[in-house]
Amino acid sequence: MTTRGPVVDFDHHSPEFAVNRDAILADLRTRCPVAYTEHHDGYWVVTSFELARQVLGDPLTFSSEKADDGSGGDTIPSVGPRLIPAECDPPYHDALRRALNPMFTRPASEALRSTTEDIVTGLIDRVIDKGEFDLVHDVGDVLPATLTVIYLGFPPEQRIPFIRSIQASLSMEPKTDGDLSGMESFANACQAILALIDARRAEPRDDLVSYLATHEDPSFDDEELLWIVFTLLVAGFENTAALITNALIHLAQDRPLRDRLIAEPGLIGKATEEFLRFYTPGVSLARTVVQDVELGGVPLKKGDRVLVALPAANHDETAFPQGGTFDVDRASRSHVAFGYGPHYCLGAWLARMEWQVLCREVLRRIPDYEVHLDRAERFSDAGIMNGWKTVPASIPRRESSDEEQP
Amino acid sequence: VTTFRDADEVYHYIGGIFEAAIADPDIGPKMKNSGLTMRFEYTEPEAVLFADFPNATVHYGHDVPATEPALQLNMSADDAHRFYLGKLNLVMAIARGAVKVKGPVPEMLKLLPLAKPLFAQYHRLLEAAGRHDLLNA
């Protein structure tokens, strides 16, 4: 119990939050943008745009470090192995990012466009063939995960076991992967990663694991490489999948926007930023206070845990007028869907490029797809990711199909 | 040459560390609160041990209950010894396949912070037994 600031009954992992997220966050942001909740051993929840940027932009006060005992890090409660560079602080974090950044610049992401187009062509071919499909299983879970495993250097079919392992490893609930327990699935993923690291050290190729395994100044040992690759898999899969699924649901329901993007494909870039702002796939980022500080008039103490609610910041009316409304024409302003500060998402350009390639091709080849939200299901726990378990969709059959035309 | 001569030595030293932890006024209650039951199957020498933290009991060999544990760990007794000396990176050993764990990930993650205070106790246990040969293994 604290008397240092307003206390609220808030739990970002609760079923109420999963179904009523934006209203709960808007209420907190209006009443008390820095509020304390006793759930999960107690944490401060931060809901305004400016305060979110203050926390995320100051790693010397708000640490991302996950300790050896598993405490701290990017989530509340702490889960899974220590993800690097996400769950570490400067100067180690900066050295890791200096090594990784060149592989994720805008030009580096653009170099993956033709691979992305091939994946998208294949997945739309399959979707057309099926007629009835699922936005999660046939689209959102396919594109980012396939591109990530290919870029790293794995065979594309490694996508499915990796997705299962990651889900088993990062869940707060005990999860299984078919007949395998979570730990067995996790160990299998680690062994696949270490095997690729060994192979690429011996014989480098043109892929990301070869680049990292042969990197000098700094060079990385096997343990560092394992967790860097594991982190890239986690980061490369779920956020972009959630962006894709939410944006495709939106487009299916917003016919005027769909027609505008078909008529003006140049608008897709701007629409992407509004999809990111409005749907904010990554919901929360946690930090640990490492020196006493005042945040929004509330005194925070060393050791306190802080949760930045990214959708709350992105809907803050002081930064985004009528922030709770989707508006593709709104004046450009950077959002925090990819975070802010030194931990700003490494794969931001890659995620944008993937979605834009997919969006263009969906609008060109299957513009009349429909989603069936009555049978769709969100993540039951939306405390970390604004994602969906299943979203049934279909392509209406037309008498003379033009979808085969180039 | 293996660290432990036979299963009885495994039970004495590795089992001993669990019993000492359960009896410890600081660590014991944390282990009880973890709610974990764990079955360890060791090789070289073969030995089986069941730690039931909620009931504060450790079972050995033929006395190990048939109950399904929350976590099952398979490893060499040498690796177990190195772990309690603080010389084995357990997560990397799992990643390399040297240590096999069956059970949910969140349960396993509960375990690691509990295990750390045991290292110093293990040192004391070996010292008290005059087993400097094992301390320097």
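Everything below is about the structure shown above.
Residues numbered from 1 in each chain as written. Chains lettered and ligands numbered in written order. Predicted model: local features only at pLDDT ≥ 70, side-chain atom pairs only at ≥ 80, totals over all residues. Heavy atoms only, no water.

**Student:** Give a description of the overall build of chain B that names residues and reports values.
**Tutor:** Counting its regular elements, chain B contains seven helices and five strands. Along chain B, helices (α) and strands (β) appear in the sequence α-α-β-β-β-β-α-α-β-α-α-α when read from the amino end. Over its C-alpha atoms chain B spans a radius of gyration of 14 Å, differing by no more than 12% from the 14 Å that the globule rule assigns to 137 residues. When its C-alpha atoms are laid out on the principal axes, chain B stretches across 35 × 35 × 30 Å. Looking at chain B residue by residue over its 137 residues, the buried ones come to 53%. Counting contacts in chain B only where the partners sit at least 6 residues apart, residues at least 24 apart contribute 67% of the total. (Helix = DSSP H or I, 4+ residues; strand = E, 2+ residues; numbered from the N terminus. Rg over C-alpha atoms; globule rule 2.2 N^0.38 Å. Buried < 20%, exposed > 50% of the residue type's maximum accessible area, 1.4 Å probe, protein only. Contact = heavy atoms within 4.5 Å.)

**Student:** Could you give me a rundown of the overall build of chain A, with the residues and numbers involved?
**Tutor:** In terms of helices and strands, chain A carries 15 helices and 14 strands. Taking 22 Å as the expected radius of gyration for a compact globule of 406 residues, we find that chain A reaches 21 Å, a close match to that expectation. With the C-alpha coordinates aligned to their principal axes, the bounding extent of chain A is approximately 70 × 55 × 40 Å. Per-residue burial over chain A gives 58% buried out of 406 residues. Carbon together with sulfur atoms contributes 50% to the accessible area of chain A, which is approximately 17000 Å² in total. Computed over 39 positive and 64 negative side-chain charges, the inter-centroid distance for chain A is 4 Å. (Areas by Shrake-Rupley, 256 points an atom, 1.4 Å probe, with all protein chains shown as cover. Lys, Arg positive; Asp, Glu negative; His and termini not counted. Charge placed at Lys NZ, Arg CZ, Asp CG, Glu CD.)

**Student:** Kindly report on the sheet that holds strand β4 (residues 132-134) of chain A, identifying the contributing residues and their values.
**Tutor:** Residues and elements named next belong to chain A. An order of β4-β14-β11 is seen for the three strands of this open sheet, with the pairing classed as antiparallel. The two strands at the open ends of the sheet, each matched to only one other strand, are β4 and β11 (370-371). As paired strands, β4 and strand β14 (residues 392-394) are joined by three bridges and run antiparallel to one another. When the sheet's bridge partners are listed, Phe133 is paired in β14 with Ala393. (Pairing = 2+ DSSP bridges.)

**Student:** Account for the pairing of strand β2 (residues 47-52) of chain B, naming residues and giving values.
**Tutor:** Residues and elements named next belong to chain B. For β2, the buried fraction is high: six of the six residues fall into the buried class. Residues of β2 alternate between two faces, with Ala47, Leu49 and Ala51 on one and Val48, Phe50 and Asp52 on the opposite face, all of them buried. Taken together, the six bridges between strand β1 (residues 37-43) and β2 define a ladder with antiparallel strand orientation. Paired with Tyr42 across the two strands is Ala47, which belongs to β2.

**Student:** Tell me about the packing of aromatic side chains, residues and numbers included.
**Tutor:** As enumerated under the stated definition, the model contains 23 aromatic pairs over all chains in all. Note on Phe338 of chain A and Tyr344 of chain A: the rings are 6.0 Å apart at their centroids and 70 degrees apart in plane angle, and the pair reads as edge-to-face. An aromatic cluster is defined as three or more aromatic residues linked by ring pairs; in this entry it consists of Phe18, Phe40, Tyr42, Phe53, Phe83, Tyr84, Phe119 and Tyr122 of chain B. (Phe/Tyr/Trp six-rings, centres within 6.5 Å; stacked < 30°, edge-to-face > 60°.)

**Student:** With reference to specific residues and values, describe the pairing of β1 of chain B.
**Tutor:** Residue and element names in this part refer to chain B. Hairpin connection of β1 to β2: three residues between the antiparallel strands, including Glu44 at a positive phi of 50 degrees. In this structure, β1 lies alongside strand β4 (residues 71-76), joined through six bridges in parallel fashion. Directly across from Tyr42, in β4, lies its bridge partner Met75.

**Student:** Any details on the nonpolar core? Residues and values, ideally.
**Tutor:** Grouped together as the largest cluster of nonpolar side chains are 144 residues, with contacts concentrated most on Phe275, Trp355 and Leu358 of chain A together with Ile14, Phe18 and Tyr42 of chain B. Looking at this core, the element that brings in the most residues is helix α11 (residues 222-253) of chain A, giving 17 residues. Excluding its chain neighbours within four sequence positions, the residues that come into contact with Phe18 of chain B are Phe40, Tyr42, Leu49, Ala51, Phe53, Val58 and Tyr84 of chain B. Leu285, Val293, Val298 and Val306 of chain A belong to the second largest nonpolar core, which has 23 residues in total. (Core = buried A, V, L, I, M, F, W, Y, C linked by side-chain atoms within 4.5 Å.)

**Student:** Lay out the interface of chain A and chain B in plain terms, naming residues and giving numbers.
**Tutor:** When the parts come together, some accessible area is lost, and that loss is often what is quoted as the size of the interface. The interface is formed by 24 residues belonging to chain A together with 17 residues belonging to chain B. When the two sides are added together, the surface that chain A and chain B hide from each other amounts to roughly 1600 Å², 67% of it contributed by carbon and sulfur. At the surface where chain A touches chain B, the tally comes to two salt bridges. Residues Arg96 of chain B and Asp222 of chain A are paired through a salt bridge, measuring 2.5 Å at the closest nitrogen-oxygen approach. For the pair chain A and chain B, the number of links is six residue pairs in polar contact (both at pLDDT 80 or more). Breaking the side of chain A that touches chain B down by element, the ones donating at least two residues are α8 (159-170), α9 (182-202) and α11 of chain A. Ranked by residues supplied to the side of chain A that touches chain B, first place goes to α9 of chain A with nine residues. Residues belonging to the side of chain A that touches chain B are distributed by class as follows: 11 nonpolar, six polar and seven charged. (Buried area = accessible area lost by both parts, 1.4 Å probe. Salt bridge = Lys/Arg side-chain N within 4 Å of Asp/Glu carboxyl O. Polar contact = N/O pair within 3.5 Å; in protein donor to acceptor, adjacent residues only side chain to side chain. Nonpolar A, V, L, I, M, F, W, Y, C, P; charged D, E, K, R; others polar.)

**Student:** Which residues make up the sheet that holds strand β10 (residues 305-309) of chain A, and what values do they have?
**Tutor:** All names here are of chain A. What the five strands build is an open sheet, ordered β1-β2-β10-β7-β3; its pairing is mixed. Strands with a single pairing partner mark the edges of an open sheet, and in this sheet they are β1 (34-37) and β3 (62-63). In terms of strand pairing, β3 meets strand β7 (residues 284-289) through two bridges, oriented antiparallel. Each bridged residue has a counterpart across the sheet, and for Phe62 the counterpart in β7 is Val289. Lying on the sheet, helix α2 (residues 49-56) is in contact with β1, β2 (43-46), β3, β7 and β10; it crosses β10 at an angle near 130 degrees. (Axes fitted to C-alpha atoms, helices over the stretch in contact; angles between N-to-C directions.)

**Student:** Please set out the packing of helix α1 (residues 7-23) of chain B against helix α6 (residues 118-128) of chain B residue by residue, giving values where relevant.
**Tutor:** Residues and elements named next belong to chain B. The N-to-C vectors of α1 and α6 enclose an angle of 125 degrees; their axes lie 10 Å apart at closest approach. When the axes of α1 and α6 are compared, the pair comes out oblique. At the point where α1 passes α6, the crossing takes the right-handed sense. In this structure, α1 contributes His12, Tyr13, Ile14, Gly16, Ile17, Ala20 and Ala21 to the contact, and α6 contributes Leu118, Gln121, Tyr122, Leu125 and Leu126. Split into classes, the residues belonging to the contact of α1 with α6 amount to nine nonpolar, three polar and no charged. (Parallel < 35°, antiparallel > 145°, perpendicular 65-115°, else oblique. Left-handed = near helix turned anticlockwise from the far one by under 90°.)

**Student:** Talk me through helix α15 (residues 348-365) of chain A; I want residue IDs and the actual numbers.
**Tutor:** Taking 1.5 Å of rise per residue, the 18 residues of α15 of chain A would be expected to cover 26 Å, and the 26 Å separating its terminal C-alpha atoms lies within 8% of that figure. Burial within α15 of chain A is extensive, with 15 of its 18 residues counted as buried. (Expected span 1.5 Å × (residues − 1).)

**Student:** I'd like a description of the pattern of salt bridges, backed by residues and values.
**Tutor:** Applying the stated criterion across every chain yields a total of 30 salt bridges over all chains. The residue Arg31 of chain A makes a salt bridge to Asp27 of chain A at a minimum N-O spacing of 3.1 Å. You can see Arg31 of chain A and its partner Asp27 of chain A sitting in helix α1 (residues 15-31), four residues apart, about one turn around the helix. Note on Arg31 of chain A: relative accessible area 54%, which makes it exposed. Using a relative accessible area of 36% as the deciding quantity, one classes Asp27 of chain A as partly exposed. The shortest N-O distance in the salt bridge between Glu9 of chain B and Arg5 of chain B comes to 3.4 Å. The structure contains a network of salt bridges with shared partners spanning Asp198, Arg201 and Asp222 of chain A together with Arg96 of chain B.

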